[in-house]
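Next come the chains, spelled out residue by residue.
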Amino acid sequence: MSVYGNYSNKLFNDLWNDIAPGFYNYGRISPDVDVDTIPDLKKANEDMIEYIISNQGIGPDSRILDLGCGKGMYTVGIAKRTGCHFVGTDINPKYIEECEELAKTHGVSHQGEFLISHMTGPAAEIKDQTYTHIMVLGAMYYAHGNLKKFLDNLVSCCVKDTKIFIWDFVRNVEWELCKEANRHLKRPHPILTKDNVLDLFKKTGLDLVDFEDATKFIIPGYKIMTRECKKRDPNMEVLTYPLVGEAFMEGLLAYVYYCLKIKS
Ligand SMILES: C[S@@+](CC[C@H](N)C(=O)[O-])C[C@H]1O[C@@H](n2cnc3c(N)ncnc32)[C@H](O)[C@@H]1O
């Protein structure tokens, strides 16, 4: 297994390229929908882009930093819709190349840049810029083993009014009970609880402005993902996402939104 986990596996890449090109996320789907009528996760992620723009008030004068941007469709989608300036960062150089291509295809290259960088130690060129918004979408859980360091670095990228939006996993139960989900997640450290994370926000000088348990909006996405994994890999040899889906459905894990700002 490489440091990028399944990200170099063909079955994995083909799956995401089919069902949500440019994304590695579940977006936002109303809990009441009939998932059999939804072919993929494209619209769910587009709807999440719209949600972030309106919820965070991103506009043409905004300057966004997207930490752990993956293949960049959230960054590019927000930049394209709003005209904002952007910096997207990821640890995986291949993704950064893909992000740059995506930005060209969507005509937003002149609005920003994509940089290879580790979330827990962003490069000086990232810290030197000023951001109105910082987003971490489905990526902070990679840093749960070292969350204080990650948050200290995040704070060092903020100015007084920077709005922070984090979309992340937490566990609701003992880590031991998440063993099956971790067969997919492959985390070497426990996923933290909401209380652990809130405590670390406080210790880092971050004020929680808003919180939402958004698990219900990703459960339909996991049902779609489960269907698509079973089509492509019936024995779940590589595509083990259904294990995480079950943990969300059983309430072992939650997918949450945190809106934060630095203490004034
Ligand atoms: C589940 S994907 C989410 C990608 C994107 N934010 C999205 O929502 O489509 C998580 C991303 O975090 C990146 N990542 C993992 N550990 C990282 C680290 N230490 N520093 C920077 N990026 C990291 C991975 O390469 C991957 O692209």
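Residues numbered from 1 in each chain as written. Predicted model: local features only at pLDDT ≥ 70, side-chain atom pairs only at ≥ 80, totals over all residues. Heavy atoms only, no water.

Turning our eyes to something else, we now look at the site of the ligand. Residues in contact with the ligand amount to 18 residues; listed here are only the nearest, Asn25, Gly68, Asp90, Met119 and Leu137. Contact between the ligand and Asn25: an oxygen atom at 2.8 Å from a side-chain N or O atom of the residue. For the ligand, the protein covers 94% of the area, taking 600 Å² as the surface of the free molecule. Of the residues assigned to the shell around the ligand, the class counts are 11 nonpolar, 6 polar and 1 charged. (Near = heavy atom within 4 Å. Polar contact = N/O pair within 3.5 Å; in protein donor to acceptor, adjacent residues only side chain to side chain. Areas by Shrake-Rupley, 256 points an atom, 1.4 Å probe, with all protein chains shown as cover. Nonpolar A, V, L, I, M, F, W, Y, C, P; charged D, E, K, R; others polar.)

All right, on to the environment of Ile78 then. In this fold, Ile78 is placed in helix H3 (residues 73–82). As for Ile78 and Ile262, which are separated by 184 residues in sequence, their C-alpha atoms are 23 Å apart. Ile78 has contacts with Ile49, Ile52, Ile53, Ile58, Ile64, Gly83, Cys84 and Met135, leaving out every residue within four places of it along the chain. (Helix = DSSP H or I, 4+ residues; strand = E, 2+ residues; numbered from the N terminus. Contact = heavy atoms within 4.5 Å.)

Below, the discussion takes up the packing of aromatic side chains. In the structure shown here, the tally under the stated rule is 22 aromatic pairs. Note that Lys194 overlies the ring of Phe211, its terminal NZ or CZ placed 3.9 Å from the centroid. (Phe/Tyr/Trp six-rings, centres within 6.5 Å; stacked < 30°, edge-to-face > 60°. Lys NZ or Arg CZ within 6 Å of the ring centre and 35° of its normal.)

The next subject is the packing of helix H2 (residues 42–56) against H3. Any two packed helices are characterised by the angle at which their axes cross and by the distance between the axes. Their axes nearest at 10 Å, the elements H2 and H3 cross at an angle of 60°. In terms of axis orientation, H2 runs oblique to H3. Judged by the sense of rotation from one axis to the other, the crossing of H2 with H3 is right-handed. Across from Asn45, Glu46, Met48, Ile49, Glu50, Ile52 and Ile53 in H2, the residues of H3 making contact are Met73, Tyr74, Gly77, Ile78, Arg81 and Thr82. Considering only residue class, the contact of H2 with H3 consists of 7 nonpolar, 3 polar and 3 charged. (Axes fitted to C-alpha atoms, helices over the stretch in contact; angles between N-to-C directions. Parallel < 35°, antiparallel > 145°, perpendicular 65-115°, else oblique. Left-handed = near helix turned anticlockwise from the far one by under 90°.)

Once that is clear, we can look at the sheet that holds strand E2 (residues 85–90). Taking strand neighbours across the sheet as the criterion, the 7 strands line up as E3-E2-E1-E4-E5-E7-E6 in an open arrangement whose pairing is mixed. Bordering the open sheet on either side are strand E3 (112–116) and strand E6 (206–213), each of which pairs with just one other strand. Pairs of neighbouring strands in the sheet enclose a mean axial angle of 20°, with direction left out of account. As judged from the 4 bridges shared by strand E1 (residues 63–67) and strand E4 (residues 133–137), these two strands associate in the parallel manner. (Pairing = 2+ DSSP bridges.)

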